[in-house]
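Chains, contacts and geometry: an overview
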Amino acid sequence: MNRLHDILNGKVMPGVYRFSSVAAQQRVRREVEKAGQAFFYLDGRAFADKAGFLKAAAQAFGFPESYGQNWDAFEEGIRDLEWVRKPANGGIAPKGFVALFDEAGRFAKANPQDWATARDIFENASKEWRERGLPMFVLLRGAYAVASDLDVL
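Attention in this report is confined to the structure presented alongside it. All figures in this text were calculated on a predicted structure; none of them were measured in a lab.

Attention now moves to the packing of aromatic side chains. What characterises a pair of aromatic rings is the spacing of the ring centres plus the angle enclosed by the ring planes. If you walk through the whole model with that rule in mind, you get 19 aromatic pairs. Both rings, one in Phe-61 and one in Phe-63, keep their centres 5.8 Å apart while their planes meet at 20°; by these two values the pair is stacked. Seen from their ring centres, Phe-74 and Phe-122 are 5.6 Å apart, and the 90° between their planes marks the pair as edge-to-face. Residue Phe-74 is found in helix H4 (residues 71-80), and its partner Phe-122 is found in helix H7 (residues 112-131); the two are separated by 48 residues along the sequence. Given the relative accessible area of 0%, Phe-74 is considered buried. You can call Phe-122 buried: its relative accessible area is 1%. The positively charged end of Arg-132 is found above the aromatic ring belonging to Trp-129, 3.9 Å away from the centroid.

Here you go:
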C-alpha cells in the first residue's frame, strides 16, 4: 500500500500503471476516498469484449444514461466526469481520480485492438486531467504480460 500512498500524496506522476498491490479493492477504495479522490473500479472478470468493457466502464465511472456504447462516448465521458467533479447536494469535489482495473489482461488478451484503444483513451485522459490540475491514475492489475512497457507501482 506504500505505492498507493505515494500516488495519493502526489509523489507519482499521474498516468496508467501496472499495480502490483494485492490489497482488496475495498481497501484501495477506502484509502483513495479518505485522501479526497474519486475511486472507480472495473472488474475485468466480468467482461472479455468491447461491448462488455464499455458497459462496465459506463457503470464504473457513472456515465449518464445517454452515454453511447462506443469509443467516442467512452473518451468523451472519461474526459468530462462533470457529475463527479460537481457532486449534487453540495458534496465535495474530488482532488483527483483513481481507477482500479482488476484482471485487465483478460480483456487485453481477448481483444488486443480494443485493449489498445482503451489504453490510449486512458493515457490521453490522464494527461489531459493532469494539464487541468487534477491527477488521474489508472491502475492495472493482472495485466503484466500485455502491458509490460508500463511502470509498475
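Here the focus is the sheet that holds strand E4 (residues 136-140). Judged by pairing direction, the sheet is parallel, and its four strands sit side by side in the order E1-E4-E3-E2 without closing on themselves. Each edge of the sheet is formed by a strand with only one pairing partner; in this case those strands are strand E1 (15-18) and strand E2 (38-43). Going across the sheet, the axis of each strand differs from the next one's by a mean of 15°, ignoring polarity. Here E1 pairs with E4 via four bridges, running parallel. Across the sheet, residue Tyr-17 finds its bridge partner in E4, namely Leu-139. Along the sheet, H7 makes contact with E1, E2, strand E3 (97-102) and E4, crossing E4 at roughly 150°.

Definitions and cut-offs
Residues numbered from 1 in each chain as written. Predicted model: local features only at pLDDT ≥ 70, side-chain atom pairs only at ≥ 80, totals over all residues. Heavy atoms only, no water. Phe/Tyr/Trp six-rings, centres within 6.5 Å; stacked < 30°, edge-to-face > 60°. Helix = DSSP H or I, 4+ residues; strand = E, 2+ residues; numbered from the N terminus. Buried < 20%, exposed > 50% of the residue type's maximum accessible area, 1.4 Å probe, protein only. Lys NZ or Arg CZ within 6 Å of the ring centre and 35° of its normal. Pairing = 2+ DSSP bridges. Axes fitted to C-alpha atoms, helices over the stretch in contact; angles between N-to-C directions. Contact = heavy atoms within 4.5 Å.

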